[in-house]
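What the coordinates show
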Amino acid sequence: LSLFQYSCHKLSNMLHYCIMATVKVAFANILKHLRKQRNVNQEKFGEMVGLHRTYISQLERGLKSPSLDVLYNIARSLNIKLSGLMNLVERELEK
């Protein structure tokens, strides 16, 4: 690879990482907001979703990415559609 190609490849990887990190943070913000809006602590919410409190904490800090199954269970536990949850995340990204 030329230096230019190598630099472009590295930049592409960094951009992908930044976008993914931003999506994680947007999801984290929405999840925490929705949980608190319902006056539910992390432990109780974890029980509702079928996850451990520490995993909920990691999601809310943007440290973990949930699987589709987990996303679906989170949305159901919040009494919203999965598409509605994703729409909220998209709006958060547009801020």
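Look a little higher up for the structure.
These numbers were taken from a predicted model, which means no experiment stands behind them.

1. Digging into the pattern of salt bridges
- One pass over the full model with this rule turns up 2 salt bridges.
- Here E60 ties to R35 by a salt bridge, and the two come within 2.5 Å at their closest N and O atoms. Residue E60 is located in helix α3 (residues 53-60), and its partner R35 is located in helix α1 (residues 3-37); the two are separated by 25 residues in the primary sequence. As far as the burial class goes, E60 and R35 line up, both buried.

2. Points about the packing of helix α2 (residues 42-49) against α3
- The contact between α2 and α3 brings their axes to 8 Å, and the two run at 105 degrees. Looking at the two axes, α2 sits roughly perpendicular to α3. Residues Q42, E43, F45 and G46 of α2 touch α3, and the partners they reach there are R53, I56, S57 and E60.

3. Details of the nonpolar core
- In terms of nonpolar packing, the biggest core is built from 18 residues, with F27, L31, F45, L59, I74, L78 and L85 touching the most fellow members.
- Elements supplying a minimum of two residues to this core: α1, α2, α3, α4 (68-77) and α5 (82-94).
- The dominant element in this core, judged by the number of residues it contributes, is α1, at 5 residues.
- Excluding its chain neighbours within four sequence positions, the residues that come into contact with F45 are L31, R35, V40, I56, I74, S77 and L78.

Rules and cut-offs
- Residues numbered from 1 in each chain as written.
- Predicted model: local features only at pLDDT ≥ 70, side-chain atom pairs only at ≥ 80, totals over all residues.
- Heavy atoms only, no water.
- Salt bridge = Lys/Arg side-chain N within 4 Å of Asp/Glu carboxyl O.
- Helix = DSSP H or I, 4+ residues; strand = E, 2+ residues; numbered from the N terminus.
- Buried < 20%, exposed > 50% of the residue type's maximum accessible area, 1.4 Å probe, protein only.
- Axes fitted to C-alpha atoms, helices over the stretch in contact; angles between N-to-C directions.
- Parallel < 35°, antiparallel > 145°, perpendicular 65-115°, else oblique.
- Contact = heavy atoms within 4.5 Å.
- Core = buried A, V, L, I, M, F, W, Y, C linked by side-chain atoms within 4.5 Å.

Treat this as a map of the structure, not an account of what it does.
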